[in-house]
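Understanding the architecture of this molecule
Here are the chains, one letter per residue:
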Amino acid sequence: TPTLTLGAVLSPLLGAACGAGLKMASLLGYYHAAVLPLILLEMEGGVFSVLGALDASCLCCACAGVCAAVAARPTSAEEGSACRRALAINIWFGDFVEACYPYMARD
């Protein structure tokens with residue numbers, strides 16, 4: 001019969017608490033002050049950073065969503081073209097997240 005250990009119970013609870021804490025830090029403007037030091041600590045040993053990969057993918061997914069929404073309903077042909085280009089760069093290369101900033105500030 002499988003036994004339930006204290007670590008098996010506390011690990012998900014600790015993860016949920018950390019997630020909720022980072023969400024609150026994000027809402028209060030402290031996201032990068034909290035996450036970037038953790039990424040650096042994770043990479044200090046010369047290994048890849050899981051937090052860094054999650055941070056980059058979350059940024060790219062949010063930007064891709066904004067660019068896709070604007071590309072679907074552009075206010076001008078130039079805006080649609082710019083958003084389609086930014087979306088392609090973001091999806092294929094995981095870069096150019098700054099492309100969505102003007103649209104987020106506008107709406």
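A short tour of the structure in this document, coming up. These numbers were taken from a predicted model, which means no experiment stands behind them. (Residues numbered from 1 in each chain as written. Predicted model: local features only at pLDDT ≥ 70, side-chain atom pairs only at ≥ 80, totals over all residues. Heavy atoms only, no water.)

1. Describing the side chain of Asn90
Relative to the helices and strands, Asn90 resides in helix 4 (residues 77-93). Ignoring any residue separated from it by four or fewer positions in sequence, one finds Asn90 in contact with Cys60, Cys63, Ala64, Asp95, Phe96 and Val97. (Helix = DSSP H or I, 4+ residues; strand = E, 2+ residues; numbered from the N terminus. Contact = heavy atoms within 4.5 Å.)

2. Section: the environment of Gly52
Here Gly52 is to be found in helix 3 (residues 50-72). Sequence separation between Gly52 and Ala20 is 32 residues, and the spatial gap between their C-alpha atoms is 18 Å.

3. Topic: helix 4
Between the first and last C-alpha of helix 4 there are 24 Å, a value that for 17 residues agrees with the 24 Å anticipated at 1.5 Å per step. All of the buried residues along helix 4 are Glu79, Gly80, Cys83, Ala86 and Asn90. End-on, the buried residues of helix 4 take up no more than an arc of 135°, which puts them together on one face. Those residues of helix 4 that are exposed and aimed more than 90 degrees away from the buried face are Ala77, Glu78, Arg85, Trp92 and Phe93. Summarising the contacts, the buried residues of helix 4 are in contact with helix 3 and helix 5 (101-106). (Expected span 1.5 Å × (residues − 1). Buried < 20%, exposed > 50% of the residue type's maximum accessible area, 1.4 Å probe, protein only. Arc of directions from axis to C-beta.)

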